[in-house]
Amino acid sequence: MKRVALIAAILIVALAGAGWLATFSPAVDVWLYRQAAMRFASLPTPELARPNELSVLLCGTGSPLPDRSRAGPCTLVAAGNSYYVVDTGIDSARNLLLWHVPLDRIAGIFITHMHSDHIGELGELRLQTWVAGRKAPLKVYGPPGIERVVAGFNEAYALDSGYRTAHHGAAFLPPDAADLVAVPVPLGANPTAIALKDGGLTVTAIRVNHGPVKPAYGYRFDFAGRSVTISGDTEPDENLARAARGSDVLVHEALSPELVAILGEAIAAAGHPRSAKIMHDIPGYHTSPVAAARIANEAQAKLLVFTHLLPVLPDAIAERAFLRGVSEVRPDGVVLGHDGLLIRLPGHSAAIEQTTLE
């Protein structure tokens, strides 16, 4: 017992001494910061997909409503070593940086529609992929009108790009690689069209109903015998159900009309009629969790993942209320998405693997 007491006393003195040093010694402060910096810098780069694998990473599962735990709408699809981002909501680029995702592998961006919460971080992704080593302009696919959006972001970031090249040098940040390049994908009267074919990857644009936003798209990715469909913003849509037929994963937006109505009532009672009107207006062009479950069943999707969650879900009780009724329609194969969720689909198999990036 005396030995234990002696060891405890020594530890207490040592800890007290360390605390004193950390409080009063600048050298210790710098040493501690150096250790933390080295740990952060040495974090491993995540392998999002193996060469013959299709993966989907939720880099933002939130909405225009401020949410501390969810970035704005963003989904990354990895087809082997090539990465594609669908929508660029606020803070989604920051998530990718925090997870050490190699942004130089991003080969293209797909925009579902031109609502602000889906394009808000397009300029930041332009910058960060360039800084990460992108050597050519980055293609941005989307509905007609994407040309205006891309031109606007290029112009908004033009001075910034010039400053950075002047500071770091053209060899490091080549000015001819800085820009985004718009690739409009017209559908005409057709419900779908091929947006991209690259090696074994096919990306199909799908018309969805998000009026008065027209056109609005979802996207289907097919690679190595696996498939992921992303709904974009839409009310329940038969085009989407048909185009998503047989998908391994359907990433679908979801809004709870009941919870949004409650939030709208609370906002109105607090004396904010303009915000209350927005809560009243938005359910009509989104999809409820139960309706999304029906779409997933019709599409025979193996896994349904909810994203673009409305309203904010602060705890497990709210999440349970949000999902009420879904299990009666779709008893299994449902996931409430969260930022960092990574779903891996090994090529030419039926396996679906889920992990989370921290």
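Everything below is about the structure shown above.
Residues numbered from 1 in each chain as written. Predicted model: local features only at pLDDT ≥ 70, side-chain atom pairs only at ≥ 80, totals over all residues. Heavy atoms only, no water.

## Here's the deal with the overall build of the chain
Thinking step 1. In terms of regular secondary structure, the chain is built from 13 helices and 15 strands.
Thinking step 2. Dimensions of the chain, computed from C-alpha atoms along their principal axes, come out at roughly 80 × 55 × 50 Å.
Thinking step 3. For the chain, buried positions account for 49% of its 358 residues.
Thinking step 4. Pairs at least 24 residues apart make up 66% of the contacts formed inside the chain by residues separated by at least 6 positions.
Thinking step 5. Accessible surface for the chain amounts to roughly 17,300 Å². Of this, 60% is attributable to carbon and sulfur atoms.
Thinking step 6. Positive and negative side-chain charges in the chain, numbering 30 and 34 respectively, have mean positions lying 5 Å apart. (Helix = DSSP H or I, 4+ residues; strand = E, 2+ residues; numbered from the N terminus. Buried < 20%, exposed > 50% of the residue type's maximum accessible area, 1.4 Å probe, protein only. Contact = heavy atoms within 4.5 Å. Areas by Shrake-Rupley, 256 points an atom, 1.4 Å probe, with all protein chains shown as cover. Lys, Arg positive; Asp, Glu negative; His and termini not counted. Charge placed at Lys NZ, Arg CZ, Asp CG, Glu CD.)

## Focus: helix H11 (residues 289-299)
Thinking step 1. With eight of eleven residues buried, H11 lies mostly within the body of the structure.
Thinking step 2. Along its buried surface, H11 packs onto helix H8 (238-243), strand E11 (249-255), strand E12 (303-310), helix H12 (316-322) and helix H13 (326-329).
Thinking step 3. One or two residues past the end of H11 sits glutamine 300, with phi positive at roughly 55 degrees.

## A short note on the state of the cysteines
Thinking step 1. The full count for this structure, using the stated rule, is one disulfide.
Thinking step 2. Disulfide partner of cysteine 59: cysteine 74, at an S-S distance of 2.3 Å. Taking the sign of the S-S torsion, about -70 degrees here, the bridge from cysteine 59 to cysteine 74 comes out left-handed. A residue pair is termed long-range when its members are at least 10 positions apart, and cysteine 59 in strand E1 (residues 53-60) and cysteine 74 in strand E2 (residues 74-79) qualify at 15 residues.
Thinking step 3. The class for cysteine 74 is buried, based on a relative accessible area of 3%. (Disulfide = S-S within 2.5 Å.)

## Description of the packing of aromatic side chains
Thinking step 1. Using the criterion set out here, one finds seven aromatic pairs in the structure.
Thinking step 2. For the ring pair tyrosine 217 and tyrosine 219, a centre distance of 6.2 Å and an interplane angle of 80 degrees mean the geometry is edge-to-face. The exposure classification of tyrosine 217 matches that of tyrosine 219, with both residues buried. (Phe/Tyr/Trp six-rings, centres within 6.5 Å; stacked < 30°, edge-to-face > 60°.)

## Focus on the nonpolar core
Thinking step 1. Among the nonpolar cores identified, the biggest contains 32 residues, and Phe110, Phe221, Val249 and Val305 are the most heavily contacted of them.
Thinking step 2. Counting residues per element, this core draws most heavily on strand E9 (residues 213-223), which supplies four residues.
Thinking step 3. Not counting residues up to four positions away in its chain, the partners in contact with valine 305 are Leu58, Val249, Leu250, Val251, His252, Val335, Gly337, Leu341 and Ile343.
Thinking step 4. With 29 residues, the next largest nonpolar core counts Cys59, Leu96, Ile106 and Phe153 among its residues. (Core = buried A, V, L, I, M, F, W, Y, C linked by side-chain atoms within 4.5 Å.)

## A look at the pairing of strand E7 (residues 192-198)
Thinking step 1. Inspection of the sheet shows E7 paired to strand E8 (residues 201-210) by six bridges, in the antiparallel sense. Considered in E8, the bridge of lysine 197 is made with threonine 202.
Thinking step 2. Where E7 folds back onto E8 in an antiparallel hairpin, the turn is made up of two residues, including glycine 199, whose phi is positive at roughly 60 degrees. (Pairing = 2+ DSSP bridges.)

## Brief notes about the environment of leucine 310
Thinking step 1. Mapped onto the elements of the fold, leucine 310 is located in strand E12.
Thinking step 2. Since its relative accessible area comes to 4%, leucine 310 is described here as buried.
Thinking step 3. Spatially, the C-alpha atoms of leucine 310 and proline 257 are 8.7 Å apart, while their sequence positions differ by 53 residues.

## A word on the packing of helix H9 (residues 257-269) against helix H10 (residues 273-281)
Thinking step 1. Where H9 meets H10, the closest approach of the two axes is 8 Å, and the angle between their N-to-C directions is 165 degrees. Taken together, H9 and H10 sit at an angle that is classed as roughly antiparallel. Here the hand of the crossing between H9 and H10 comes out left-handed. In this structure, H9 uses Val260, Leu263, Gly264, Ile267 and Ala268 to contact H10, whose residues at the interface are Ser275, Ala276 and Met279.
Thinking step 2. Grouping the amino acids of the contact of H9 with H10 by side-chain chemistry returns six nonpolar, two polar and no charged. (Axes fitted to C-alpha atoms, helices over the stretch in contact; angles between N-to-C directions. Parallel < 35°, antiparallel > 145°, perpendicular 65-115°, else oblique. Left-handed = near helix turned anticlockwise from the far one by under 90°. Nonpolar A, V, L, I, M, F, W, Y, C, P; charged D, E, K, R; others polar.)

## Re the packing of helix H5 (residues 122-131) against helix H7 (residues 158-168)
Thinking step 1. Across the interface, H5 lies against H7 with an axial gap of 12 Å and an inter-helix angle of 20 degrees. Taken together, the axes of H5 and H7 are roughly parallel relative to one another. Crossing of H5 over H7 shows right-handed handedness. Contact residues: Arg126, Leu127 and Trp130 in H5; Asp160, Ser161, Arg164 and Thr165 in H7.
Thinking step 2. Taken together, the residues of the contact of H5 with H7 sort by class into two nonpolar, two polar and three charged.

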